[in-house]
Every structure is written in structure tokens, then in C-alpha cells.
Amino acid sequence: MKKIELEITALSSSVTQTHSYAVVLGEINGLRRLPIVIGAFEAQAIVVALERIKPSRPLTHDLFYNFMLSFNIELQEVLIYKLEEGIFFAQLVCTSGNETIEIDSRTSDALALAVRIGCPIFTYENILEAAGLFMDQPAASATPTPSAEEEQPEPVSGSDLKGKTLDELNDLLQQVLDNEDYMQAVAIRDEIKKREGKA
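As the structure is a prediction and not an experimental result, all values here were calculated from the model. (Residues numbered from 1 in each chain as written. Predicted model: local features only at pLDDT ≥ 70, side-chain atom pairs only at ≥ 80, totals over all residues. Heavy atoms only, no water.)

A.B. asks: Explain the environment of K2 here, please?
C.D. replies: Mapped onto the elements, K2 comes out in the segment before β1 (3-13). Along the backbone, K2 and E125 are 123 residues apart, and their C-alpha atoms lie at a distance of 5.7 Å. Ignoring anything within four residues of it in the chain, the contact list for K2 reads T123, Y124 and E125. (Helix = DSSP H or I, 4+ residues; strand = E, 2+ residues; numbered from the N terminus. Contact = heavy atoms within 4.5 Å.)

A.B. asks: Sorry if this is basic, but what is going on with helix α1 (residues 40-50) here?
C.D. replies: The α-helix winds at 3.6 residues per turn, so residues separated by three or four positions along the chain end up facing the same way. Of all eleven residues in α1, nine are buried; the element is thus mostly enclosed. Those residues of α1 lying buried are E42, A43, Q44, A45, I46, V47, V48, A49 and L50. One or two positions beyond α1, positive phi appears at R52, with a value near 55 degrees. (Buried < 20%, exposed > 50% of the residue type's maximum accessible area, 1.4 Å probe, protein only.)

A.B. asks: Just checking my understanding: could you explain the environment of N170 for this structure?
C.D. replies: By the element assignment, N170 lies in helix α7 (residues 166-178). Considering only alpha carbons, one finds N170 and R189, 19 residues apart in sequence, at a separation of 8.3 Å.

A.B. asks: What am I meant to see in the pairing of strand β7 (residues 121-124) here?
C.D. replies: Regular strands place their side chains on alternate faces of the sheet. Taking every second residue as pointing to the same face, both faces of β7 are buried, with I121 and T123 on one and F122 and Y124 on the other. One ladder, built from three bridges, connects strand β4 (residues 74-84) with β7; its direction is parallel. Its bridge partner lying in β7, I80 is registered against T123. (Pairing = 2+ DSSP bridges.)

A.B. asks: What is the right way to look at the packing of helix α2 (residues 60-70) against helix α3 (residues 107-117) in this model?
C.D. replies: How two helices sit against one another is set out by the angle between their axes and by the gap between those axes. For the pair α2 and α3, the least separation of the axes is 10 Å and the interaxial angle reads 60 degrees. Looking at the two axes, α2 sits oblique to α3. Crossing handedness for the pair α2 and α3: right-handed. Facing α2, whose interface residues are H61, D62, F64, Y65 and M68, α3 presents D109, A112, L113, R116 and I117. Considered class by class, the residues forming the contact of α2 with α3 number six nonpolar, one polar and three charged. (Axes fitted to C-alpha atoms, helices over the stretch in contact; angles between N-to-C directions. Parallel < 35°, antiparallel > 145°, perpendicular 65-115°, else oblique. Left-handed = near helix turned anticlockwise from the far one by under 90°. Nonpolar A, V, L, I, M, F, W, Y, C, P; charged D, E, K, R; others polar.)

A.B. asks: Can you help me understand the pattern of salt bridges in this one?
C.D. replies: Any two side chains of opposite charge can pair, on the condition that their charged atoms come close. A full pass over the atoms with the stated rule returns eight salt bridges. As a salt-bridge pair, E77 and K3 come within 2.8 Å of each other at their nearest N and O atoms. Of this pair, E77 sits in strand β4 while K3 sits in strand β1, placing them 74 residues apart in sequence. Residue classification places E77 among the buried residues on the basis of a relative accessible area of 13%. (Salt bridge = Lys/Arg side-chain N within 4 Å of Asp/Glu carboxyl O.)

A.B. asks: Teacher, can you tell me more about the nonpolar core here?
C.D. replies: Among soluble globular proteins, nonpolar side chains are generally buried collectively. Counting residues in each nonpolar core, the largest one holds 32 residues, and the members touching the most others are L25, I36, I38, I46, L75, V78 and I121. For this core, the secondary structure elements donating two or more residues are β1, β2 (20-27), β3 (32-39), α1, β4, β5 (87-96), α3 and α4 (125-131). Excluding residues within four positions of it along the chain, L25 makes contact with L6, E7, I8, T9, R32, R33, L34, I36, I80, L111 and I121. Within the second largest apolar cluster, 13 residues are counted, among which are L161, L172, L177 and I192. (Core = buried A, V, L, I, M, F, W, Y, C linked by side-chain atoms within 4.5 Å.)

A.B. asks: Looking at this structure, how should I read α2?
C.D. replies: Of the positions making up α2, those classed as buried are H61, D62 and M68. Looking straight down α2, one finds that the buried residues subtend no more than 120 degrees of arc, so they occupy a single side. In α2, the exposed residues that point more than 90 degrees away from the buried face are T60, L63 and S70. Elements in contact with the buried residues of α2: α1, β4, β5 and α3. One or two residues past the end of α2 sits N72, with phi positive at roughly 55 degrees. (Arc of directions from axis to C-beta.)

A.B. asks: Would you take a moment to explain the packing of aromatic side chains for this structure?
C.D. replies: Per the counting criterion, the structure on display carries two aromatic pairs. Where F67 meets F71, the ring centres are 4.9 Å apart and the plane angle is 40 degrees; that geometry is what we call tilted. We classify F71 as exposed; its relative accessible area is 52%. Plain terms: the ring middles of Y81 and F89 are 6.5 Å apart, the flat faces sit at 55 degrees to each other, and that makes the pair tilted. (Phe/Tyr/Trp six-rings, centres within 6.5 Å; stacked < 30°, edge-to-face > 60°.)

Printed below as a string of C-alpha cells:
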């Protein structure tokens, strides 16, 4: 079966399910998109890696990645290999020495690891045909920056952030990082960067 390489093009709130998010994978140099509904924790794990946020303690996917590094296991690719009753199935294709190992994984976990490691993501043509959507323009090659407003309801609104001083924003950023609310941290960090002229 023909494999198609994909990249993450968007991450946003799911319009069909509450407390769920949609990660959208785009066909590289193509017009098809593959939306996959994932949970809030999985979305947060992907956002942390995309936004290069450094949590105070390793998240589960960071721990797994560190474990792989410690035992010389290389993640070669993520393969979304099956679609059954609306559920996507994925494999981590790993190598250790001369051995290739395929490990079954939830698709959201596989994507969270792929973003951290920078390995390619693939699916089969038949899955893309069955569940893919056509878009008007090809996917941008730049890494997507998810919109914090779409990812999670914010306890502090954008206007509230604008009303805070830079010191208050830095304090708030530390609070949300301590609470491991990384999606909220993205919005606060972006506001701080705007103030400092780094956006």
C-alpha cells in the first residue's frame, strides 16, 4: 500500500465534541487534510512540543522520549495504519541496533512523540481517501502555531491579559506553568512577547 507523508497543520477546538480538540494533518505537497479528534490532555501535550514550552517537570511524552534516548531506541516514523469505526490506529516504528520494532500506540500519543522527536508521520492512501478532506491550498511548510483561544477556554481573557502589567503577566505565567496549564501559558507568553517587541 502507498504511504503518504503528513504534517501537523492545525490544532483547534473540535466543533463536534465538547472538551475535545482536532489535530489536522496535511498531506505534504498536497491538498488533502486528515482531521483527528483527540482529548484535551493529548492536545496539551502536542501544544507544549509545538510551542517549545519547557515544563518544570517532564510530561509523560517527555519521559517516554527520555527513556528512548537512554536505551538507544530511535523513533523512525509514526504510521497511522488503520481506521476502524472512526478510530485511527497508529504504530511507532522504532529501531534499536539492527532490530526494527513496531509498537502499537494511540494516534494522539504517537503524534505527541513525533513532534518532540521530529520524525515523519505517514498514513496509507486508503485511509486518506476514506477520512481526508480536500482544501483549496497546499499546506504551509512552517510549523503551525495553534490559537490559544481555540485550544481551551481561557480562565483569563485576552482583554484581561492586555490590562495586566508585564510583571503581573510574568507572575501569571509562572502560576499557570506551576499548574501545568500549558495552553493558557501560550496565550500569556505571546502577550509578553508582544509587549517586549519579540512577537
